[in-house]
Amino acid sequence: MEHTPPDKQHLILKEYGNNIQQLVDHVAGIEDREKRTQSAYTIIEIIKQLNPSMKLENDQKLWDDLYIMSDFKLDVDGPFPKPEKELLGKKPLPIGYPRGEVKFKHYGRNIEKLIEKAIEIENDEEQENAIIYIGQLMRSFHSTWNRDNFDDGIIIDDIKTLSRGKLHIDLEKVRENALFESNTRRDFKIPHVEEGSHNSKKKHHNKKHRNGHKKRR
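Residues numbered from 1 in each chain as written. Predicted model: local features only at pLDDT ≥ 70, side-chain atom pairs only at ≥ 80, totals over all residues. Heavy atoms only, no water.

The next subject is the overall build of the protein. Tallying secondary structure elements over the protein gives nine helices and zero strands in all. For the protein, buried positions account for 28% of its 217 residues. Long-range contacts, defined as pairs at least 24 residues apart, comprise 53% of the intrachain contacts of the protein with a sequence gap of at least 6. (Helix = DSSP H or I, 4+ residues; strand = E, 2+ residues; numbered from the N terminus. Buried < 20%, exposed > 50% of the residue type's maximum accessible area, 1.4 Å probe, protein only. Contact = heavy atoms within 4.5 Å.)

Structure follows, in structure tokens:
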């Protein structure tokens, strides 16, 4: 059976090597706090000199590793606080995914978000440009899933469904001008809607006024 030297049994972070580990163990045992702190700074510089790639590392990571190699026994006046030992090996919190079923999976949730923004556009021309842009995206997604029996009417029906009937565009106009073709460029900008009671009231008033004078596109 091969004998492992005692000093190699204590290697905590293998990427730094045995010599750095021994230096950390030595510095952690220095009684004078000022000397201990100066020596810790020296180790950080030695690490950077021995491993040029480490110079690109965040200094806080190097100091965190120093504390880890000392088994959190190193007590110095470093530039960063000592990391909590309990956090090591702790699983990260799960990423929160948006809840709610996507109505048309081949379009994805981002299309639904674009439609929600398009509904909020007050200007009729800008809203139509937004519908055309969304239609172009939906057509490209749809053609990936189903290259046969494709019709612009399908896209318009899906837009109506996703917008709960709030977005409209004339089918004949789309067909005649090939508006849902990806090479048909339409400039528009979906605005960022700020939340607030004043804006909300104003938006409600405008929608109410617009619904009373609805135009057919």
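In this section: the environment of His168. In this structure, His168 sits in the loop between α7 (152-162) and α8 (171-177). When the C-alpha positions of His168 and Ile156 are compared, they lie 7.7 Å apart, and in sequence the two are 12 residues distant.

All chains considered together, the criterion is met by nine salt bridges. Shared partners join several salt bridges into a network, and the residues in it are Arg33, Asp75 and Asp77. (Salt bridge = Lys/Arg side-chain N within 4 Å of Asp/Glu carboxyl O.)

Once that is clear, we can look at the packing of aromatic side chains. Across all of its chains, the model carries one aromatic pair by this definition. Centre to centre, the rings of Tyr41 and Trp63 are 4.9 Å apart; their planes meet at 70 degrees, and the pair counts as edge-to-face. Taken together, the residues span a long stretch of sequence, with Tyr41 in helix α3 (residues 33-50) and Trp63 in helix α4 (residues 59-69) at a distance of 22 residues. (Phe/Tyr/Trp six-rings, centres within 6.5 Å; stacked < 30°, edge-to-face > 60°.)

What follows is about α3. Look at α3: 26 Å from first C-alpha to last across 18 residues, which is about the 26 Å you get at 1.5 Å a residue. Of all the positions in α3, only Arg36, Thr37, Ala40, Ile43, Ile44, Ile47 and Lys48 are classed as buried. On an axial view of α3, the arc spanned by its buried residues comes to 135 degrees, and they lie on one face. Residues of α3 that are exposed and angled more than 90 degrees away from the buried face: Glu34, Lys35, Gln49 and Leu50. (Expected span 1.5 Å × (residues − 1). Arc of directions from axis to C-beta.)

Turning our eyes to something else, we now look at α4. For α4, the full list of buried residues reads Leu62, Trp63, Asp65, Leu66, Tyr67, Ile68 and Met69. Tucked inside the fold, the buried residues of α4 contact α2 (17-28) and α3. Positive backbone phi, approximately 55 degrees, marks Asp71, located one or two places after α4.

Coordinates in, geometry out; function isn't part of it.
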